[in-house]
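For reference, the chains in residue letters:
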Amino acid sequence: MSETLALRDNPATDVQQFEHRKSQALLDLTKARQSIPVEAFDADIEDLLKQLRLALDDNMSLLSRHLSAVGEITDMLAEVILEQDSDGTYQQIVPEPVND
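This structure is a prediction, so every number in the text was calculated from the model and none was measured.

Observations regarding the side chain of Thr-4
So, step 1. Within the element layout of this structure, Thr-4 appears in helix α1 (residues 2–9).
So, step 2. Within polar-contact distance, the side chain of Thr-4 engages the side chain of Asn-59 at 2.9 Å.

Written out as structure tokens, the structure reads:
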């Protein structure tokens, strides 16, 4: 899969470009599966489907690792923001009461 290869070469790859192509491929595969009788499935087709399943599992594993990394970065950023907020930097300044 080109997405998997792209992510391995460059972890910062924009995966959105692959989203539409994968959705379209799934739709095409579903339509094709519905139009082929079960009796027509032979060993070659089954082997191709097994290869596809392995490629999809590999892709899903890689995407899962990337999502996990994004989650970790998000957590770290949130922690830093909370720490910065707690030192008074972003606290609203309350005016001193006026004594008459």
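Overview of the pattern of salt bridges
So, step 1. Counting across every chain of the model gives three salt bridges.
So, step 2. In this structure, Lys-22 and Glu-3 form a salt bridge, with 2.7 Å as the shortest nitrogen-oxygen distance. Taken together, the residues Lys-22 in helix α2 (residues 16–35) and Glu-3 in helix α1 connect sequence positions 19 residues apart.
So, step 3. Residue classification places Lys-22 among the partly exposed positions, given a relative accessible area of 30%.
So, step 4. Judged by its relative accessible area of 4%, Glu-3 is buried.
So, step 5. Put simply, Arg-8 and Asp-58 hold a salt bridge, and the shortest N to O gap is 2.8 Å. Of this pair, Arg-8 sits in helix α1 while Asp-58 sits in helix α3 (residues 43–86); the two residues are 50 residues apart in sequence, bridging distant segments of the chain.

Topic: α1
So, step 1. For α1, the full list of buried residues reads Glu-3, Thr-4 and Leu-7. The buried residues of α1 all sit within an arc of 100° when viewed along its axis, so they share a single face. Projecting away from the buried face of α1 at angles above 90 degrees are the exposed residues Leu-5 and Asp-9.

Conventions adopted
- Residues numbered from 1 in each chain as written.
- Predicted model: local features only at pLDDT ≥ 70, side-chain atom pairs only at ≥ 80, totals over all residues.
- Heavy atoms only, no water.
- Helix = DSSP H or I, 4+ residues; strand = E, 2+ residues; numbered from the N terminus.
- Polar contact = N/O pair within 3.5 Å; in protein donor to acceptor, adjacent residues only side chain to side chain.
- Salt bridge = Lys/Arg side-chain N within 4 Å of Asp/Glu carboxyl O.
- Buried < 20%, exposed > 50% of the residue type's maximum accessible area, 1.4 Å probe, protein only.
- Arc of directions from axis to C-beta.

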